[in-house]
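Chains, contacts and geometry: an overview
Residue strings, one per chain:
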Amino acid sequence: MSGSKAESEEKAGSKQCPLVQVNEYKENEHTAYTSLRPIQITTLRKTAKVYLYPFSLSNSKLGLLKLSKSPVVNNSSKSVVHKKNDLKKTRRKVLTSKMKALSSKAESHLLKPSLDAYTESTKLEHKSTSDSMTLSVDVESSDEDSAPGLDDFSGLSPYERKRLRNIRENANFFASLQLAESAARLRGMIKKIESPESKRKRPKKKENEIGCRRSMRLLKVDPLGVSLPASPTQPTLVEQEENPLLPPGPLEMIPENQDDSSELFKASLKTWSEMSQTSNEKTTKGLSSIKSYKANLSGMVISEATVRKVTKGAVSSVALHPSEVRTLVAAGAKSGQIGLWDLIQQCEDAMYVFCAHSRYVSCLSFSPTNPAHLLSLSYDGTLRCGDFSSAVFEEVYRNERNSPSSFDFLNDSSSLLVGHWDGHLSLVDRRTPGTSYEKFFSLSLEKIRTVHVHPLCRQYFVTAGLRDVHVYDARFLKSRGSKPLISLTEHSKSVASAYFSPVTGNRVVTTCADCKLRVFDSSSISSQLPLLSTIRHNTITGRWLMRFQAVWDPKQEDCFIVGSMDHPRRVEVFHESGKNVHSLWGECLVSVCSLSAVHPTRYILAGGNSSGKLHVFMHQET
């Protein structure tokens, strides 16, 4: 039947429309398949190809076609048609608009064989409800099978066909990888990682493990391992009120470490009182050469016999007796003690400790006119004179309101200049102790650390303050508004000390916290003092060590001595030009000597440290 219709269509189509060749359909259970093939048509000597979209018609589709021709349709076929329409709407996005361009003639020719196939499918419409459910499932599956292959999208453009083909190939490729199954297997293989502990486990210490080295002083034990008694804490205001200052007036010279009735102490007092005054014969002859001076310095040594702990607290001031026959060293401590050590006596009884003050002893000096007098200045506001002949510490000056810091002799040891921490300056007359003194104010200084008088022109004196070094004339001091003659402004940080050279006063050496030692030319005191040299020197001692103070050597006044922070521990000797002349050191010097005192005629140097020890360098024959 399909062949005869095709021949008749060829005859009719040669005149009006293209011929369509329809293949025979095959029945497979309840579904009939029909395919179309393109045919060539010669029109006006040109060949045109018409591509018709192939699709299959199931029983439900045949029922739809029959419904369009015949109005008599049973209820079951209507329900199938409605289901098909719903499914077709969901897949309409895949179909392109060119499917609607099929000619109405080709569609009419396609309906004729479809209607014949439908007559046989109507026999199956009266099945049971279970058969109708099976039919609906077949309809869905037939629609999926009836989706055309991507290669048969003849109505699409080449780009669209290639795009759809790539989509299908990519989908097949990812399906072949089986990524979901691999991910499931990996999830089963991975184990949960345990979270690290919040705190790090510390290794257990071994029983015989050697710990870190610790200070025996902080552990409060002596070198033998015996625990020390608890050290007294810094006194508070309440404790200071409970333990007031020492009573005013003279104090008996009673050693704390020995009995005052001992014969050795009485003999020492008698010897010290009979000491002759220092002569100036060597200084008047002129200075020795640097070569010979350096040779004499190299002969100075330190030994165990010349190292002794004198005071309990740190040594805050040092003085050497100018005797030519005996070596007597005085040391002031932070605790207010004053220690005297006679190096001639090689025994423990040669060292005496006195409680002359209750606070920090900032300055010590033997009287230049009578070396049997030892003057001491303390933060407790008192200036005392220890007289070896009378064995008494006399009170020379007292000012508890303004704490004094330093003093020096003005004229023949009868007058003293006393500097205070608040910038005040007091003129004290020793001939009327405790009753006659004058106080002067200096607006140019906030603090006074040291006061030093010119050795020849006694009216001039130099003061060291915070960052200021000023030279004043004592004749023009006023109670208010005293102005300096000269101001040295080269210092950038606080100045620890400033001293004239001891013989001529032609030089001034300053020690500053900016790690520099400066030497100024003071041979002509005019509007300014020229800076001669600047020496780089580590002066940062910290809070536990006493600050360095550079002092001149009276035997060689163009050289000065200062402590050092270098290793091995040493005491440096510099020339005024800045050159290092010599370094004093030895195996027995194992600490920093912040403060030093030099004998005026003999090659003896005494240095004090912050633990209360005195270190003495001297010639072996002495």
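What counts and what doesn't
- The written sequence of each chain sets the order in which its residues are numbered from 1.
- Whole-chain, interface and lining totals are the exception, using all residues; otherwise, since this is a predicted model, local features are given only for residues with pLDDT of at least 70 and side-chain atom pairs are given and counted only at 80 or more.
- Here the side-chain values reflect all heavy atoms present in the structure, with hydrogen atoms and water set aside.
- Per the convention used, a helix needs a DSSP run of H or I reaching at least four residues, while a strand needs a run of E reaching at least two, with both numbered from the N terminus.
- To sort residues, take the accessible area from a 1.4 Å probe on protein chains only and compare it with the maximum for the residue type: under 20% means buried, over 50% means exposed, and anything in between is partly exposed.
- Looking at any residue, its pLDDT shows the predictor's confidence there, from 0 to 100.
- Working rule for contacts: check all heavy atoms of both residues, and any pair within 4.5 Å makes them a contact.
- Any residue with relative accessible area above 30% and no salt bridge may belong to a patch, with like charges joined within 9 Å and the nonpolar Val, Leu, Ile, Met, Phe, Trp and Tyr side chains within 5 Å.
- Under the convention used here, a 1.4 Å probe and the Shrake-Rupley method define accessible areas, while residue burial counts only the protein chains that appear.
- The rule for a salt bridge is simple: a side-chain nitrogen of Lys or Arg has to be within 4 Å of a carboxyl oxygen of Asp or Glu.
- Whether two strands pair depends on DSSP finding at least two bridges between them.

Of the consecutive residues His 567 and Pro 568, the connecting peptide bond is found in the cis state with omega at -10°. Positioned with a positive phi, Ala 391 is a non-glycine residue whose angle comes to about 55°. If you trace the backbone, Ala 391 turns up in the loop between strand 17 (382-387) and strand 18 (392-398). Even without being glycine, Cys 515 reaches a positive phi, approximately 65°. Here Cys 515 is to be found in the loop between strand 28 (507-512) and strand 29 (516-521). Residue class for Cys 515 comes out buried when judged on its relative accessible area of 15%.

The next point concerns the confidence of the model for the protein chain. Of the residues in the protein chain, 64% have a pLDDT of 70 or more, and the chain-wide mean is 75. Low pLDDT, under 50, characterises residues 50-78; the predicted model gives this stretch 59 contacts beyond four residues in sequence or across chains.

Below, the discussion takes up a nonpolar patch on the surface. Together, Phe 173, Phe 174, Leu 177 and Leu 179 make up a nonpolar patch on the protein surface, roughly 400 Å² of accessible area in all. Counting residues per element, the nonpolar patch draws most heavily on helix 6 (residues 158-177), at three residues. Structurally, the position occupied by Leu 179 is in helix 7 (residues 179-189).

Before going further, it helps to examine the sheet that holds strand 17. Overall, antiparallel pairing links the five strands, which are arranged 8-18-17-16-15 in an open sheet. The open sheet has two edge strands, strand 8 (251-252) and strand 15 (361-366), and neither has a second partner. Here strand 8 pairs with strand 18 via two bridges, running antiparallel. Bridging across to strand 18, Glu 252 finds its partner in Val 392.

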